[in-house]
Amino acid sequence: MVRNTAPNRTGGGRGTGRKSDVSKFGRLWRSGVLFSDGLLPEGATGPGARPMVRFFVRWVRRPLLPVMRLWRRNIQLRVVVATLLLSLGVVLLLGLVVIGQVRNGLLEAKEQTAQSQASGGFAAAERMADSAGSGPSGGEDSIRGSRGAQNSGTWLTNLVEQLASSGQGVYSVVALGSDTSEAPFLGNSSLTTRGPRAGGDIRPESIPADLRKALDDEPGPHRRYARVYRQDSSREPALIVGKRLNDARGNPFQLYYVFPFTQEEESLSLVKGTLATAGVFVVVLLGAIAWLVVRQVVTPVRMAAGISERLAAGRLQERMKVTGEDDIARLGESFNKMAQNLQLKIQQLEELSRMQRRFVSDVSHELRTPLTTVRMAADVIHEAREDFDPVTARSAELLLGQLDRFESLLADLLEISRFDAGAANLEPSAVDLRDVVHRVVEGSEPLAERKGSRILVKGDEQPVVAEMDGRRIERVLRNLVDNAVEHGEGRDVVVRLATGGGAVAVAVRDYGVGLKEGEAERVFNRFWRADPARARTTGGTGLGLSIALEDARLHGGWLRAWGAPGDGSQFLLVLPCTAGEPLRGSPLRLEPEDSRRKRERARERERQAVAAGTASAPAADGSRNDERAGHSGEERG
């Protein structure tokens, strides 16, 4: 179907670039159109926001169009990208598994080491407390005052320093009071064993409260993972192992071993860095391998595609370069054999076509001389037919009629041979198409009167001027109008003129038997007839539409057909106003307006019938017949 595709004079096309979009957006923004009440009656999310959304979608899509086009057209890029993505996924999955295993191994080793070292430290603290408790004391009650507390605090400080001295950089030791009901961090920590003491740079308040409470409830060793604070206020994860003990005076206190994960984090970071480096290397290597492998397969395919395009362009001598004996080589050999056979067959067909065209041209030329002699004799016989008996006189009339048809056939064959040989010449000049149509209508009036039809001309109020070969276009329109009258079943024939968009158009509409599905493309074939049993009353040769199509192409225009069974047919001729200019659209549609309205009304009735549940096949057929009859009466009126 030919649609009215007049050029858009407001758009900038692809070549305008992003700068035109910026200027357009600026004008819309300053004028307030983007956010006016008329556009946004329902807010920014309503249907009125569509212009702005479309603008930004177009803004985002424009730089992505070349990438999308390259992605669709390049199979090598798709395979390489898919390989890289899959490889990246495999490497990430493998890295997560390896890092998880390494982390678990480091944690398990850390727990075992921490448990062993903490157990040894707790045992050493208990031995020191026992040895200090069994040693000589003052024996006097007056000494158990502040001096006893000073000795107990000094002993606890010495214990923490001694235990922490052997774990520099590995662990830290923290001692806290065992009663969590009191504040464990007292300002006079030198006078009580409940004052916090820490060996190393770990701050005592890093010990979690739930761990201290657990030691108050149960003296056995407990473990916790937590983040501890150093003296510089930095945080790091650590494993804390604590136990409740008694000092030299038998007072309970809590002793903690803090094992930071510094070394383990360094080891894990080293493993992560190694895996990341190896993963990037593997992904790049797999991408390069995929590119090389796919290149070996894609290159011959691209070569075959390029050679196929050149073969399609007529360069039949093109062949693929074949190397090796693999599957690709066999494919190339098969392709070359196919191209060679194709070239041979095309050459044979071209030679046969040249022979046929030469034969038709020679026969047509050679028949003109005897036909002229036969025409002279037939004219003499026809003029003397009154002296013959009725049978001979009728034979003379038939002889003259068939000679007229024979001459028309020879003329059409000669014209077709010129088109086939590329010798048809165009002699354009400025012609008003209305004059051509009126001459054609006047010449077809006798046939229309015999058929009982009327030929109506519409759209001839304004000049319809174009550069054309008037003789050829008159021949095209005469053929279209005569065919419409012959197949119009006695109904009106409407010839419609229009101009616009740099083109002129002529539509010839009849309301006869119409065309079946698929016949609109075959109607321009040589000697094709929709109904072979139908007699030719106009003496046609079967080459008229073929010649008309060639004449339209010679002008750089279109000639197309539309038809529906029982609804008639329409032939549309579209020509450029200026010779040599390309057509950008048609001022008339191929499908008639009345047919489109009829189809829309039928669809509306079907929808209403389905909604009401009263649709039936007989009713639909009856309404279609009534509509057809009503339309015919409307056109005649």
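Residues numbered from 1 in each chain as written. Predicted model: local features only at pLDDT ≥ 70, side-chain atom pairs only at ≥ 80, totals over all residues. Heavy atoms only, no water.

1. A few points about the packing of helix 9 (residues 433-451) against helix 10 (residues 470-486)
- One can describe the packing of helix 9 onto helix 10 by two numbers: an axis separation of 9 Å at closest approach and a directional angle of 30°. Considered as vectors, helix 9 and helix 10 are oriented roughly parallel to each other. Handedness of the helix 9/helix 10 crossing: right-handed. Residues Leu-433, Val-436, Val-437, Arg-439, Val-440, Ser-444, Leu-447, Ala-448 and Lys-451 of helix 9 touch helix 10, and the partners they reach there are Ile-473, Glu-474, Leu-477, Arg-478, Val-481, Asp-482, Val-485 and Glu-486.
- Among the residues making up the contact of helix 9 with helix 10, the classes are represented as 10 nonpolar, one polar and six charged. (Axes fitted to C-alpha atoms, helices over the stretch in contact; angles between N-to-C directions. Helix = DSSP H or I, 4+ residues; strand = E, 2+ residues; numbered from the N terminus. Parallel < 35°, antiparallel > 145°, perpendicular 65-115°, else oblique. Left-handed = near helix turned anticlockwise from the far one by under 90°. Contact = heavy atoms within 4.5 Å. Nonpolar A, V, L, I, M, F, W, Y, C, P; charged D, E, K, R; others polar.)

2. Notes on helix 12 (residues 544-554)
- With eight of 11 residues buried, helix 12 is to be regarded as a mostly interior element.
- The complete set of buried residues in helix 12 reads Gly-544, Leu-545, Ser-546, Ile-547, Ala-548, Leu-549, Asp-551 and Ala-552.
- Gly-556 sits one or two residues past helix 12 and shows a positive phi near 75°. (Buried < 20%, exposed > 50% of the residue type's maximum accessible area, 1.4 Å probe, protein only.)

3. Thoughts on unusual backbone geometry
- Despite not being glycine, Glu-489 shows a phi value in the positive range, around 55°.
- Mapping Glu-489 onto the fold places it in the loop between helix 10 and strand 9 (493-500).

4. Focus on the side chain of Asp-567
- Along the chain, the position of Asp-567 falls in the loop between strand 11 (558-563) and strand 12 (569-576).
- On the basis of relative accessible area, Asp-567 is assigned to the buried category, the value being 12%.
- Polar side-chain contacts of Asp-567 include one of 3.2 Å to the side chain of Lys-598. (Polar contact = N/O pair within 3.5 Å; in protein donor to acceptor, adjacent residues only side chain to side chain.)

5. Re a nonpolar patch on the surface
- A cluster of nonpolar residues, Phe-281, Val-282, Leu-285, Leu-286, Ile-289 and Val-293, forms a patch on the protein surface that exposes about 510 Å² of accessible area.
- Note that Leu-285 resides in helix 6 (residues 262-312).
- When its relative accessible area of 41% is taken as the criterion, Leu-285 is described as partly exposed. (Patch = residues over 30% accessible without salt bridge, like charges linked within 9 Å, V, L, I, M, F, W, Y side chains within 5 Å. Areas by Shrake-Rupley, 256 points an atom, 1.4 Å probe, with all protein chains shown as cover. Salt bridge = Lys/Arg side-chain N within 4 Å of Asp/Glu carboxyl O.)

6. Looking at the packing of aromatic side chains
- Tallying each qualifying case throughout the model produces seven aromatic pairs.
- Residues Trp-155 and Phe-253 carry aromatic rings whose centres are separated by 6.3 Å and whose planes lie at 80° to one another, so their mutual orientation is edge-to-face. Placement of the pair is Trp-155 in helix 4 (residues 146-165) and Phe-253 in strand 5 (residues 252-260), with a sequence separation of 98 residues.
- Residue classification places Trp-155 among the buried residues on the basis of a relative accessible area of 11%.
- Assessed through its relative accessible area of 2%, Phe-253 is described here as buried.
- Where Tyr-225 meets Phe-261, the ring centres are 6.0 Å apart and the plane angle is 25°; that geometry is what we call stacked. In this pair, Tyr-225 sits in strand 3 (residues 222-229) while Phe-261 sits in the loop between strand 5 and helix 6, placing the two residues 36 residues apart along the sequence.
- What makes Phe-261 buried here is its relative accessible area of 6%.
- Three or more aromatic residues link up through ring pairs in this structure, and these residues are Phe-122, Tyr-171, Tyr-257 and Phe-259. (Phe/Tyr/Trp six-rings, centres within 6.5 Å; stacked < 30°, edge-to-face > 60°.)

7. Regarding helix 5 (residues 209-217)
- Every buried residue belonging to helix 5 is among Leu-211, Arg-212, Ala-214, Leu-215 and Asp-216, and all of these are buried.
- Tucked inside the fold, the buried residues of helix 5 contact strand 1 (172-177), strand 3, strand 4 (235-246) and strand 5.

8. Considerations on the environment of Asp-567
- Between the C-alpha atoms of Asp-567 and Val-513, which are 54 residues apart in sequence, the distance is 6.7 Å.
- Once residues within four sequence positions are removed from consideration, Asp-567 is found in contact with Arg-509, Asp-510, Gly-512, Trp-562, Ser-595 and Lys-598.

9. Describing the sheet that holds strand 12
- Across the sheet, five strands lie side by side as 7-9-10-12-11; this open sheet has mixed pairing. Edge positions in the sheet fall to strand 7 (455-458) and strand 11, since each has one partner strand and no second. The average angle at which neighbouring strand axes cross in this sheet is 15°, direction not considered.
- Bridge count for strand 11 against strand 12 is six bridges, and the pairing is antiparallel. Bridge pairing in strand 12 links Trp-558 to Val-574.
- Along the sheet, helix 9 makes contact with strand 7, strand 9 and strand 10 (503-510), crossing strand 7 at roughly 165°.
- Those strands touched by helix 12 are strand 11 and strand 12, and its axis lies near 135° from that of strand 11. (Pairing = 2+ DSSP bridges.)

10. Digging into the sheet that holds strand 4
- Taken in spatial order, the five strands of this open sheet run 2-1-5-4-3, and their pairing is antiparallel. The sheet is open, and its two borders are formed by strand 2 (197-199) and strand 3, each paired with just one other strand. Neighbour to neighbour, the strand axes of the sheet diverge by 25° on average, direction disregarded.

11. Examining the environment of Arg-509
- Along the chain, Arg-509 falls in strand 10.
- Considered as a pair, Arg-509 and Ala-484 are 25 residues apart in the sequence and their alpha carbons are 7.0 Å apart.
- A polar contact is formed between the side chain of Arg-509 and the backbone oxygen of Asp-567, at a distance of 2.9 Å.

12. Some thoughts on the pattern of salt bridges
- Tallying each qualifying case throughout the model produces 25 salt bridges.
- Glu-205 is paired through a salt bridge with Arg-203; the nearest N and O atoms lie 2.7 Å apart.
- Between Arg-509 and Asp-594 there is a salt bridge; the shortest N-O distance is 3.5 Å. Taken together, the positions of Arg-509 in strand 10 and Asp-594 in helix 13 (residues 593-612) put the pair 85 residues apart, joining distant regions of the chain. You'll find Arg-509 and Asp-594 in the same group, each marked buried.
- The network of salt bridges with shared partners includes Asp-469, Arg-472, Arg-475 and Asp-551.

All we've got here are geometric facts, nothing functional implied.
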